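Read off the chains here:
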Amino acid sequence: MGLQDFLDGTDLLVQPLGEADAPRLQALFEACQDYFERCGLPLAADEALQELRSTPPPDFAWAAQWHLGLVRPGGDGLVAVLQVCSEAPAPGVWHLGLLMVHPAHRGQGLARRLVAALEAWALQSGARWLRLGVVAGNEPAERFWCRQGFRELRRRVSQGAGQPPGPVRVLLKGLSGSPALADWADYLAAVPRDRQPLDSLCRLADVLPLRSSAGRVQLRRMRESDLERFHAYRSDAETARFQGWTLAREPAESAAFLREMSGAAIGVPDQWVQLAIADAGDDRLVGDIGLCLRARPPSEVPGADTHPLSAWMGITLHPGWRGQGLGREAFVALQDFLLEAGGLLEVECWVDARNTASIQLLEASGMRRFCSEVRDFRGAPCEEHGYRRWRGRC
């Protein structure tokens with residue numbers, strides 16, 4: 001079976017391309033000059049011939065490679081082209097090296113149809129994942145692949161002739177429908193080249209205080225000197241209404257918690273730690289963020305690293321500092337750090353469906369709802385929404 005068997009409709013024919021088809025492919029490349037410009041690549045006079053003769057680099061395993069052209073019935077000019085490799089760079093992975101649609105045929109859903117057919121073909125052939133690279137800054141392509149459900153794993157700087165001069169975003173989509181975190185862990189265990197280099201990562205504890213981009217707030221460790229403001233909101237019943245923490249009845253309870261958090265280890269998987277949100281000017285407490293790095297699912301692959309891929313977060317603000325965007329600033333600052341320098345793939349939050357203020361904050365910080373569940377909350381059923389932000393803002 002091949003791509004044609006999974007392509008809906010009868011308005012397109014799939015043709016395998018060889019060197020004799022170089023003139024037709026070159027005509028398509030020249031019509032798609034905008035692609036080469038966005039990628040920072042020159043369009044060579046023999047670009048098509050180079051493409052048709054190309055194979056993956058020596059350190060990139062693969063089983064089979066196809067250059068496939070799409071034409072209209074009775075036509076000869078290429079409407080689109082794609083290049084794909086199976087079992088690349090590891091068993092169970094298909095790599096899409098090129099997908100290009102003629103400008104005259106864009107905006108009609110053709111690229112989406114081709115991707116859907118490719119996914120079905122790969123899945124039927126035993127693939128678990130579809131992988132590709134997109135040049136950072138090629139915004140039309142970035143938006144398209146995000147809409148197709150691909151997520152960023154890491155960024156690489158390509159080297160060598162014919163490679164984009166800037167960073168390339170390595171994107172992945174699981175085809176099996178399994179839970180994302182376990183699926184990504186399996187993939188990274190099998191494909192070491194797509195792991196974030198551990199020596200490139202930063203520990204949150206080493207960069208505190210972490211200031212927001214707007215400069216109004218900073219994240220730091222909790223301190224015993226935060227007691228007055230901390231206890232003011234931790235003992236407020238309305239503030240605690242939708243929170244998972246227990247209402248503090250006495251200042252001594254709050255003081256004990258602050259002592260614990262002031263020296264708590266930051267970044268231990270499956271252990272919650274509270275970070276202070278402080279005014280960047282006078283360093284006084286305005287709220288706190290709870291953070292828990294999720295332990296990575298176990299892998300049977302020898303040598304697989306155990307660096308966490310995901311984190312849970314939660315936030316509480318003092319009533320006197322709400323409505324000014326300070327919570328959003330702090331939340332975004334921590335998310336940005338975790339997803340970039342911290343090497344995580346996703347951050348996740350759960351919020352009571354009645355807590356409209358927190359929902360607005362999560363959505364303003366770039367998180368998107370991915371599910372809703374009825375859970376037990378203090379002995380009663382409660383609808384909660386799950387929000388998530390993935391690296392690269394997909």
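Chemist: Which residues make up the sheet that holds strand 12 (residues 310-317), and what values do they have?
Modeler: Backbone hydrogen bonds hold the strands of a sheet together, and the pairing may be parallel or antiparallel. In spatial order, the strands read 8-9-10-11-12-13-15-14; together these eight strands make up an open sheet with mixed pairing. Where the open sheet ends on each side, the last strands, each with one partner, are strand 8 (210-211) and strand 14 (368-377). The pairing of strand 12 with strand 13 (residues 346-352) spans three bridges and is parallel. In the sheet register, Ala311 faces strand 13, and the bridge partner there is Val347. Against the sheet, helix 8 (residues 227-234) contacts strand 10 (273-279), strand 11 (285-294) and strand 12, and its axis sits at roughly 75 degrees relative to strand 11. Contacting strand 12, strand 13, strand 14 and strand 15 (380-390), helix 12 (residues 356-364) runs over the sheet at an angle of about 160 degrees to strand 13.

Chemist: Go over the layout of surface pockets, please, and point to the residues and values.
Modeler: The calculated volume of the second largest pocket comes to roughly 740 Å³. Forming the walls of the second largest pocket are 33 residues, and the residues nearest its centre are Gln243, Gly244, Trp245, Gly314 and Trp350. Class assignment of the residues belonging to the lining of the second largest pocket gives a composition of 16 nonpolar, ten polar and seven charged.

Chemist: I'd like a description of the side chain of Asn138, backed by residues and values.
Modeler: By secondary structure assignment, the location of Asn138 is in the loop between strand 5 (129-135) and helix 5 (139-147). Judged by relative accessible area, Asn138 falls into the buried class, the value being 3%. A distance of 2.7 Å separates a polar atom in the side chain of Asn138 from a polar atom in the side chain of Arg38.

Chemist: A description of the nonpolar core should follow, citing residues and the corresponding values.
Modeler: Among the nonpolar cores identified, the biggest contains 41 residues, and Leu204, Ile277, Ile289, Leu291, Met313, Phe331 and Leu338 are the most heavily contacted of them. Per-element tally for this core: the top contributor is helix 11 (residues 326-339), with seven residues. Leaving out residues up to four positions away in the same chain, Leu338 has contacts with Leu291, Leu293, Met313, Gly343, Leu344 and Val347. Formed by 32 residues, the second largest nonpolar core is a distinct cluster that contains Leu82, Leu96, Leu130 and Trp145.

Chemist: Lay out the side chain of Gln274 with the relevant residues and their values.
Modeler: Mapping Gln274 onto the fold places it in strand 10. On the basis of relative accessibility, which here comes to 13%, the residue Gln274 falls in the buried class. Every residue in contact with Gln274, bar those within four places of it in the chain, is listed here: Met222, Arg234, Phe257, Met261, Asp288, Ile289 and Gly290.

Chemist: I'd like a rundown of the pattern of salt bridges, residues and numbers included.
Modeler: Tallied over the full model, the rule gives 31 salt bridges. Put simply, Asp76 and Arg24 hold a salt bridge, and the shortest N to O gap is 3.6 Å. Of this pair, Asp76 sits in the loop between strand 2 (64-71) and strand 3 (80-86) while Arg24 sits in helix 1 (residues 22-31), placing them 52 residues apart in sequence. A relative accessible area of 15% places Arg24 in the buried class. Across the pair Arg143 and Glu139 runs a salt bridge whose closest N-O atoms are separated by 3.9 Å. Taken as a pair, Arg143 and Glu139 lie in helix 5 at a separation of four residues, close to a single helical turn. A cluster of three or more residues bridged by salt bridges with shared partners is formed by Asp8, Asp11, Arg72 and Arg113.

Analysis parameters
Along each chain, the written sequence defines residue order, and numbers are assigned to residues from 1. Two thresholds apply to this predicted model, a pLDDT of at least 70 for residue-level local features and 80 or more for giving and counting side-chain atom pairs, whereas whole-chain, interface and lining totals are computed over all residues. As a rule here, side-chain values come from all non-hydrogen atoms in the structure, and water together with hydrogens is ignored. Two strands are counted as paired when DSSP detects at least two bridges linking them. Only DSSP runs of H or I covering at least 4 residues are called helices, and only runs of E covering at least 2 are called strands; the numbering of each starts at the N terminus. Here, residues are in contact when the closest pair of their heavy atoms is within 4.5 Å. Lines fitted to the C-alpha atoms define the axes, with helices restricted to the stretch that makes contact. Angles between their N-to-C directions range from 0 to 180 degrees. Within this scheme a cavity is a closed region of a 1 Å grid, computed over the protein atoms alone, that accommodates a 1.4 Å probe without allowing it to escape, whereas a pocket is open but has protein on both sides within 12 Å along at least five of seven lines; lining residues each have an atom within 4 Å of a point. Grid points are joined across faces, edges and corners, and a volume is the space filled by probe spheres set on the points. Any residue outside Ala, Val, Leu, Ile, Met, Phe, Trp, Tyr, Cys, Pro, Asp, Glu, Lys and Arg is labelled polar, Gly included; the first ten of those are nonpolar and the last four are charged. Relative accessibility under 20% of the residue-type maximum defines a buried residue, over 50% an exposed one, and the middle range a partly exposed one, all with a 1.4 Å probe and only protein chains included. Two N or O atoms count as a polar contact when they lie within 3.5 Å, although within protein this holds only if one can serve as hydrogen donor and the other as acceptor, and sequence-adjacent residues are included solely when both atoms are side-chain atoms. Residues enter a nonpolar core if they are buried and are Ala, Val, Leu, Ile, Met, Phe, Trp, Tyr or Cys, with the set joined through side-chain atoms within 4.5 Å. Take a side-chain nitrogen of Lys or Arg and a carboxyl oxygen of Asp or Glu: if they are within 4 Å of each other, that pair is a salt bridge.

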